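Each chain is listed here by its residues.
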Amino acid sequence: MNLLAQSFVLYADEQWLVVDKPYGLTTHGGDAGDVGVQEWLALHAGVKTYVCSRLDKGTTGVLIFARTPEASAWAEKIHTEESSQKTYYFLSDRDVSLSLGKRWICEKELDGKSARTEFFFEGPVARGVFRYKALIARGRMHQIRRHAMASGCSLLGDSEYGGSPFARIALHCAELKWPALSQAIRSELPLTFQSDAHCSGRTVLEASVALERRGFWPASISRAWRVVQRGELNDLDVSVDLYGNHALVWIYDTTTREQIAEVLSPLFESLDLRFGCQGIVFRRIEKNPHKKGLVQEMWMEGVPPAPFFEVAEHAWQAEVTLTQRQHVGLFLDHRDNRRRVELNASGKRVANLFSYTCAFGLAAVSGGAEVVVNVDAAASALNVGKKNFDLNQMTASRKGKFVEKDVRVWLEKQVEKRLRGEDAGWDIVVCDPPTFSSTQSGGVFHVAKEWQSLAENCARILKPDGVCFFSANCQNHERQSFESELRKFFSRVQRLRSPLDFPEVGGRVHAHFFECHLPKI
């Protein structure tokens, strides 16, 4: 990845990297399996960084990293000498200018340490919403948020420090003056800090926050990503994806076409302006009262998409359709996992189970895998997978194999071969089963009933130093039981978080991912 060509990169040289941090992403992962900005840069941009400054998860804007140990040591000296300066903006529903004036300084100690924040009252953004500026040198933990509370102007959305409810924590780092850099680094104010969003209603604010949660980060590595996760808009039960130049809106309730178009029109204008969105496909999902599958209502606005077209992810492409099949052809929530496979696939034997259209196989071959066996009971899905291999000029190498078979049967055969010493095992196994399916040869498949057997047999075919990636589309309360089954057969089971465009909203997690090592058997 060319860092300087990316819209989220504000500055880059051999020693420093300054990025425009999106909302809802931590500076670095707090737990193994988490992906903060630092981990995302390593995973998707191949850039090693050293944390030398932090922004809270809910804060957007200028964030600087060191790229060498020497620069990291220099950053510590800069902090100690308090020779840098950061300019923040925040919103509050409280006007303290009459009591404190247009400018004031708060020097209240924080956690027994000195802290100084210089505040400026900027004026109203909308009725009952006011914008403030804050300057700091060396920041303490939550310094601006805590000093704002002490000053009587708690931030909107900051419930931890007395703020009123809002679509996000309204804090943005707009400028950094860093002694090691010759010029100040700036980030534009988010839309939620501007009057237009506040005057257009709550849903427009929530949609703006959804874009601020993603920025230009997913778009820098893929032409397919989630714009709005289900639950991010309180008044609409929808999700919105962007595939190439077309948006796909999944509708889960009975909201009318006119209501959806009216409420989402500002979002689509932003998608057109920022990402060149030319048309929208709307698909409504309803349970069939006769229990014969799903009934889908579909309509379009703007330029209709081609029946089939390709979207890129890193160095490979996959065919998708927004109109011709129930499923599009590429599961967006597996993006980080596909990248993990790609980065670890060089010279490896990879088994891609429940392969669907073989996206994990594409990632593995792109990463230099010795061979990838894609196994699925659906011939139609494998045929799309073969087209995807052709599309990426991967067929001639014969590294991709396609096996039309029930995965359970295939696994049992592999276990038998391993026990007879006919197979040395697999380096990487990807197991992404559906929640429910039925096949002519294998009968009914229900993931909850099959999970233990899948875990055991995947462990049995794995090499001692191999890795298994599992996915389970289960409810939160089921995750613990799924994870406990994995721990029966693997000595290390690490839960993996979803990509940044699939936030956990309201505690809802639609899928769970696990990385498993060192089988015990």
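To be clear, the structure that these remarks concern was listed above.
A quick note: this is a predicted structure, and the numbers were derived from the prediction, not measured. (Residues numbered from 1 in each chain as written. Predicted model: local features only at pLDDT ≥ 70, side-chain atom pairs only at ≥ 80, totals over all residues. Heavy atoms only, no water.)

A. Fine view of the side chain of E319. In this fold, E319 is placed in strand β17 (residues 316–320). Look at E319 and you get buried, because its relative accessible area is 7%. Within the local environment of E319, its side chain forms a polar contact with the side chain of K387, the two groups lying 2.9 Å apart. E319 has contacts with F308, F309, E310, R325, V328, G329, V384, K387, N388 and L391, leaving out every residue within four places of it along the chain. (Helix = DSSP H or I, 4+ residues; strand = E, 2+ residues; numbered from the N terminus. Buried < 20%, exposed > 50% of the residue type's maximum accessible area, 1.4 Å probe, protein only. Polar contact = N/O pair within 3.5 Å; in protein donor to acceptor, adjacent residues only side chain to side chain. Contact = heavy atoms within 4.5 Å.)

B. Looking closely at the nonpolar core. Core analysis: the largest hydrophobic core is formed by 50 residues, its most contacted members being W16 and F90. No other element matches strand β4 (residues 60–66), which puts 5 residues into this core. Here F90 is in contact with F119, F130, R131, Y132, A134, I144, A148, C153, L155, A170, L171 and F193, once residues within four sequence places are set aside. If you look at the next biggest cluster of nonpolar residues, it comprises 38 residues, including Y243, V320, L496 and F502. (Core = buried A, V, L, I, M, F, W, Y, C linked by side-chain atoms within 4.5 Å.)

C. Spotlight on the packing of aromatic side chains. The full count for this structure, using the stated rule, is 22 aromatic pairs. Taking the centre distance of 5.1 Å and the plane angle of 85 degrees together, the rings of F389 and F402 count as edge-to-face. Of this pair, F389 sits in helix α10 (residues 379–391) while F402 sits in strand β20 (residues 400–404); the two residues are 13 residues apart in sequence, bridging distant segments of the chain. Relative accessible area serves as the criterion here: at 1%, F389 is assigned to the buried category. Residue classification places F402 among the partly exposed residues on the basis of a relative accessible area of 26%. Ring pairing ties together the aromatic residues F90, W104, F119, F121, F130 and Y132, which thus form one cluster. Note that R274 overlies the ring of F216, its terminal NZ or CZ placed 4.7 Å from the centroid. (Phe/Tyr/Trp six-rings, centres within 6.5 Å; stacked < 30°, edge-to-face > 60°. Lys NZ or Arg CZ within 6 Å of the ring centre and 35° of its normal.)

D. Fine view of the pairing of β20. As defined by bridge partners, strand β19 (residues 371–376) adjoins β20 across 5 bridges and the pair is classed as parallel. Looking at the pairing, N374 lines up with F402 of β20. (Pairing = 2+ DSSP bridges.)

E. Local environment of the pattern of salt bridges. In total, this model carries 36 salt bridges according to the counting rule given. For D241, the salt bridge goes to R226, with nearest N and O atoms at 2.6 Å. You can see D241 sitting in strand β12 (residues 238–243) and its partner R226 sitting in strand β11 (residues 224–228), a full 15 residues away along the chain. Relative accessible area serves as the criterion here: at 2%, D241 is assigned to the buried category. For R226, a relative accessible area of 11% gives the class buried. The partner of E297 in a salt bridge is R284, and the shortest N-O contact between them spans 2.8 Å. Remark: R284 occurs in strand β14 (residues 279–287) and E297 occurs in strand β15 (residues 294–302); sequence separation between them is 13 residues. Look at R284 and you get buried, because its relative accessible area is 6%. Within the structure, one salt-bridge network assembled from shared partners comprises D34, R495, R497 and E504. (Salt bridge = Lys/Arg side-chain N within 4 Å of Asp/Glu carboxyl O.)

F. Seen up close, the environment of G58. Relative to the helices and strands, G58 resides in the loop between β3 (50–51) and β4. According to the relative accessible area criterion, G58 is buried, its value standing at 10%. Spatially, the C-alpha atoms of G58 and L25 are 7.3 Å apart, while their sequence positions differ by 33 residues.

G. How the structure looks around helix α4 (residues 143–151). Most of α4 is tucked away: 7 of the 9 residues are buried. For α4, the complete set of buried residues consists of Q143, I144, R145, R146, H147, A148 and S151. Looking one or two places after α4, you find G152, whose phi comes out positive at around 90 degrees.

H. Representation of the packing of helix α6 (residues 202–214) against helix α7 (residues 257–275) within the structure. Running from amino to carboxyl end, α6 crosses α7 at an angle of 30 degrees, the nearest separation of the two axes being 8 Å. As far as their axial angle goes, α7 and α6 are roughly parallel. At the point where α6 passes α7, the crossing takes the right-handed sense. Facing T203, V204, A207 and L211 of α6, the residues of α7 in contact are V263, P266, L267, S270, L271 and R274. Class assignment of the residues belonging to the contact of α6 with α7 gives a composition of 7 nonpolar, 2 polar and 1 charged. (Axes fitted to C-alpha atoms, helices over the stretch in contact; angles between N-to-C directions. Parallel < 35°, antiparallel > 145°, perpendicular 65-115°, else oblique. Left-handed = near helix turned anticlockwise from the far one by under 90°. Nonpolar A, V, L, I, M, F, W, Y, C, P; charged D, E, K, R; others polar.)

I. Unusual backbone geometry, seen in detail. One non-glycine residue with positive phi stands out, namely H142, at about 55 degrees. The topology assignment puts H142 in the loop between β8 (129–136) and α4. Since its relative accessible area comes to 14%, H142 is described here as buried. The phi dihedral of Y356 is positive, around 55 degrees, even though this residue is not glycine. Within the secondary structure, Y356 is located in the loop between β18 (349–353) and α9 (359–366).

J. α6, seen in detail. Between its terminal C-alpha atoms α6 stretches 19 Å, which fits the 18 Å expected from 13 residues at 1.5 Å a residue. Of all 13 residues in α6, 12 are buried; the element is thus mostly enclosed. Those residues of α6 that are buried are in contact with α5 (195–198), β11 and α7. (Expected span 1.5 Å × (residues − 1).)

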